[in-house]
Amino acid sequence: MKTILRALKHRIKSIMSAKKERRHAIVGPTTLWKMKRDFQIQFLKTMDLAPAHYFLDIGCGTLRGGIPIIKYLQDRHYYGVEVRKEALDEGRKELQEAGLEEKNPTLLQSTDLSQLTLDQQFDYVWAFSVLFHLSDEILDQTLNFVSKHLSGEGVFFANVNIGERNEGNWQTFPVVWRTLEFYSHECSKNGLVLTDLGPLKNHGHISNVESQDSQRMLRITKG
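Described below are features of the structure shown in this document.

## Quick word on unusual backbone geometry
- Although it is not a glycine, Leu63 adopts a positive phi angle of roughly 65 degrees.
- Here Asn208, not a glycine, exhibits a phi torsion of approximately 65 degrees, which is positive.
- Checked against the element boundaries, Asn208 lands in the loop between strand 8 (192-199) and helix 7 (210-213).

## Let's talk about the packing of aromatic side chains
- For the structure on display, the rule yields 9 aromatic pairs.
- Taken together, a centroid distance of 5.3 Å and an interplanar angle of 90 degrees make the contact between Phe43 and Phe157 edge-to-face. Taken together, the positions of Phe43 in helix 2 (residues 33-46) and Phe157 in strand 5 (residues 150-160) put the pair 114 residues apart, joining distant regions of the chain.
- Overall, Phe43 belongs to the buried group, its relative accessible area being 2%.

## Details of the sheet that holds strand 1 (residues 55-58)
- Strand order in the open sheet formed by 7 strands is 3-2-1-4-5-9-8, and the pairing between neighbours is mixed. The sheet is open, and its two edges are formed by strand 3 (106-109) and strand 8, each paired on a single side. Neighbour-to-neighbour, the strand axes of this sheet turn through a mean angle of 15 degrees, independent of strand direction.
- Strand direction decides the pairing type here: strand 4 (residues 122-127) and strand 5, joined by 5 bridges, are parallel. Residue pairing in the sheet places Val125 in a bridge with Phe156 of strand 5.
- Sheet strands touched by helix 4 (residues 85-97): strand 2 (78-82) and strand 3. Its angle to strand 3, the strand with the most contacts, is close to 165 degrees.
- Lying over the sheet, helix 6 (residues 180-189) contacts strand 5, strand 8 and strand 9 (216-222), oriented at roughly 150 degrees with respect to strand 8.

## Quick word on the pairing of strand 5
- With 9 of its 11 residues buried, strand 5 lies for the most part within the structure.
- Regarding topology, helix 5 (residues 136-149) serves as the crossover connection from strand 4 to the parallel strand 5, and that connection is right-handed.
- Here 5 bridges tie strand 5 to strand 9, and the two strands are oriented antiparallel to one another. When the bridges of strand 9 are listed, Phe156 appears paired with Ile220.

## Points about the pattern of salt bridges
- Per the stated rule, a full pass over the model turns up 12 salt bridges.
- The closest approach of N and O atoms between Asp75 and Lys103, which form a salt bridge, is 3.9 Å. Of this pair, Asp75 sits in the loop between helix 3 (66-72) and strand 2 while Lys103 sits in the loop between helix 4 and strand 3; the two residues are 28 residues apart in sequence, bridging distant segments of the chain.
- The partly exposed category is assigned to Asp75, whose relative accessible area is 43%.
- Where Arg84 meets Glu82, a salt bridge forms, and the shortest distance between an N and an O atom there is 3.3 Å.
- When its relative accessible area of 11% is taken as the criterion, Arg84 is described as buried.
- A relative accessible area of 4% means that Glu82 is categorised as buried.
- Where salt bridges share partners, they join Lys85, Asp89 and Arg92 into one cluster.

## Comments concerning the nonpolar core
- Counting 27 residues, the largest nonpolar core has Leu56, Ile58, Val125, Leu131 and Phe156 as its most contacted members.
- If you list the elements that add at least two residues to this core, you get strand 1, strand 2, strand 4, helix 5, strand 5, helix 6, strand 8 and strand 9.
- Counting residues in hydrophobic clusters, the runner-up holds 24 residues, among them Phe43, Phe55, Leu88 and Met217.

## Considerations on helix 6
- The complete set of buried residues in helix 6 reads Tyr183, Glu186 and Cys187. Take helix 6 and look down its axis: the buried residues cluster within an arc of 100 degrees, on one side only. Exposed residues on helix 6 whose side chains face more than 90 degrees from its buried face are Glu181 and Ser188.
- Residues of helix 6 that are buried in the fold lie against helix 5, strand 5, strand 8 and strand 9.

What counts, and where the lines are drawn
Residues numbered from 1 in each chain as written. Predicted model: local features only at pLDDT ≥ 70, side-chain atom pairs only at ≥ 80, totals over all residues. Heavy atoms only, no water. Helix = DSSP H or I, 4+ residues; strand = E, 2+ residues; numbered from the N terminus. Phe/Tyr/Trp six-rings, centres within 6.5 Å; stacked < 30°, edge-to-face > 60°. Buried < 20%, exposed > 50% of the residue type's maximum accessible area, 1.4 Å probe, protein only. Pairing = 2+ DSSP bridges. Axes fitted to C-alpha atoms, helices over the stretch in contact; angles between N-to-C directions. Contact = heavy atoms within 4.5 Å. Right-handed = clockwise from strand over helix to strand, strands pointing away. Salt bridge = Lys/Arg side-chain N within 4 Å of Asp/Glu carboxyl O. Core = buried A, V, L, I, M, F, W, Y, C linked by side-chain atoms within 4.5 Å. Arc of directions from axis to C-beta.

What follows is the structure, given as structure tokens:
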């Protein structure tokens with residue numbers, strides 16, 4: 001009987017794992033979703049995220065990274081914004097399956113941050129694997145949005161591709177490479193100050209994909 005139960009549990013675990021891989025393929029490599037989930041909450045805790053902080057997740061997607069953050073924060077302290085309806089729909093399913101609906105996170109779909117205003121200032125703003133999918137115009141709109149919604153002592157973290165390479169594509173989004181000087185200038189235009197925290201691999205992001213592990217983490221605050 002114990003052998004049968006172990007086999008059944010293993011089968012259920014395999015089915016659930018495959019389901020999550022399919023879901024989170026909307027936002028990234030199927031084999032890396034768990035690593036990227038764990039990295040995000042661990043990094044944020046290292047950067048002193050506390051349960052009482054108000055947190056804005058730009059590009060929250062399927063809640064690949066959002067689930068442990070929602071679980072960690074106090075009720076109603078997590079806000080997620082996503083451009084794609086299908087990704088956010090999957091995120092709501094992920095929230096339900098995780099049993100975290102009673103945490104009452106605010107999940108919003110928005111295709112234009114310049115038209116979105118939230119009645120909340122945030123201690124932490126987070127954009128994981130987002131900024132390098134934005135055109136220059138949308139990047140400027142995003143930084144303006146952050147500047148308006150970041151609290152005086154708040155901090156915005158985002159990872160970016162740094163260097164000179166030809167633009168690529170991922171799903172329907174561009175994949176762009178920019179210089180640190182460009183990001184610093186764009187931040188300055190919007191009243192923000194940028195600090196380079198170095199490559200993701202220095203903060204525990206180990207995917208064994210050099211182009212991902214070498215992405216830089218930016219710390220952005222109000223000037």
